[in-house]
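The residues making up each chain are set out below.
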Amino acid sequence: MTSISHVTDNVSPAADENALTWALRYAALGIPVFPIFEIGVPASPDVVARYKAGALAKKGATADAVCACGKPGCTSPGKHPAVASTKDDASLDPEQIRQWWTAQPNRHVGIMMPPGYVAVDFDTEKLGVPERLAAFRVAYPPTLEQQSGAGGTHLIYQGAPE
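Residues numbered from 1 in each chain as written. Predicted model: local features only at pLDDT ≥ 70, side-chain atom pairs only at ≥ 80, totals over all residues. Heavy atoms only, no water.

**Thoughts on the overall build of the protein**
- In terms of regular secondary structure, the protein is built from six helices and eight strands.
- Secondary structure elements of the protein, listed N to C terminal, follow the sequence β-α-β-β-α-α-β-α-α-β-β-α-β-β.
- Taken over 162 residues, the protein has a buried fraction of 35%.
- In the protein, the proportion of contacts linking residues at least 24 apart, taken out of those at least 6 apart, comes to 70%.
- On the protein, roughly 9500 Å² of surface is accessible, and the fraction owed to carbon and sulfur atoms is 56%. (Helix = DSSP H or I, 4+ residues; strand = E, 2+ residues; numbered from the N terminus. Buried < 20%, exposed > 50% of the residue type's maximum accessible area, 1.4 Å probe, protein only. Contact = heavy atoms within 4.5 Å. Areas by Shrake-Rupley, 256 points an atom, 1.4 Å probe, with all protein chains shown as cover.)

**Details of the packing of aromatic side chains**
- Counting across every chain of the model gives six aromatic pairs.
- With centroids separated by 6.0 Å and ring planes inclined at 80 degrees, the aromatic side chains of Trp100 and Trp101 adopt a geometry described as edge-to-face. Trp101 matches Trp100 in its accessibility class, with the two residues each being buried.
- Through a chain of ring-to-ring contacts, three or more aromatic side chains come together here, namely Phe122, Phe136, Tyr140 and Tyr157. (Phe/Tyr/Trp six-rings, centres within 6.5 Å; stacked < 30°, edge-to-face > 60°.)

**Here's the deal with helix H1 (residues 19-28)**
- Listing the buried residues of H1 in full gives Ala19, Trp22, Ala23, Tyr26 and Ala27. Axial view of H1: buried residues confined to an arc of 140 degrees, hence all on one face.
- Between the side-chain oxygen of the N-cap and the backbone nitrogen of Leu20 there are 3.2 Å, and the N-cap of H1 in question is Asn18.
- Phi turns positive, to about 85 degrees, at Gly30, one or two residues after H1. (Arc of directions from axis to C-beta. Polar contact = N/O pair within 3.5 Å; in protein donor to acceptor, adjacent residues only side chain to side chain.)

**Focus on the side chain of Thr153**
- Relative to the elements of secondary structure, Thr153 occurs in strand E8 (residues 153-158).
- What makes Thr153 buried here is its relative accessible area of 9%.
- When sequence neighbours within four positions are dropped, the list of residues in contact with Thr153 reads Val120, Asp121, Phe122, Thr124, Leu133, Arg137, Glu145 and Gln146.

**Digging into the layout of surface pockets**
- Estimates place the volume of the largest pocket at around 1200 Å³.
- As for the largest pocket, its lining consists of 36 residues, and the residues nearest its centre are His108, Gln147, Ser148, Gly149 and Ala150.
- Put simply, the parts of the chain that give the lining of the largest pocket at least two residues each are H1, helix H2 (45-52), helix H3 (58-62), strand E5 (108-111) and strand E7 (144-147).
- Looking at which element gives the most residues to the lining of the largest pocket, the answer is E5, with four residues.
- In the lining of the largest pocket, the residues fall into 17 nonpolar, eleven polar and eight charged.
- There is about 150 Å³ of room inside the second largest pocket.
- Residues that form the lining of the second largest pocket fall into these classes: four nonpolar, three polar and two charged. (1 Å grid on protein atoms, 1.4 Å probe; cavity = no way out; pocket = protein on both sides within 12 Å on 5 of 7 lines; lining within 4 Å. Points joined across faces, edges and corners; volume = space filled by probe spheres on them. Nonpolar A, V, L, I, M, F, W, Y, C, P; charged D, E, K, R; others polar.)

All quantities given are derived from atomic positions and should not be read as evidence of function.
In structure tokens, the structure reads:
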């Protein structure tokens, strides 16, 4: 795998960067984006602590959260598109992207992986995964990196795994 050649400096988000900034950055790299509903009401601190301690599965932890989509009993809070079709609606157009995130600035950024790209997903809350991520970072070059809603790490590369 090769790192995304367009990214030459720090690829992790800075604390002061927002979703619109990242959506525009992905689009500038040729990665189409779309808005994803955010969490309307987060899981309780007790549920989060039990999940992080490994005493509760992700599905059980997310059952305590309420999605901003407004659908009663949403089974995928903060993880599903806020557009009709990701295939048809994902966009590289900066004006469309600005329109989405100006209207709803708290939406998460979803990406439509272009052909020739691969994402490597590390669920860092699981036992042993942070160590595997550290070893992976030694073996492969730095690249575009994003944090998942659950705190995991996604590394995006051009090309297929070797």
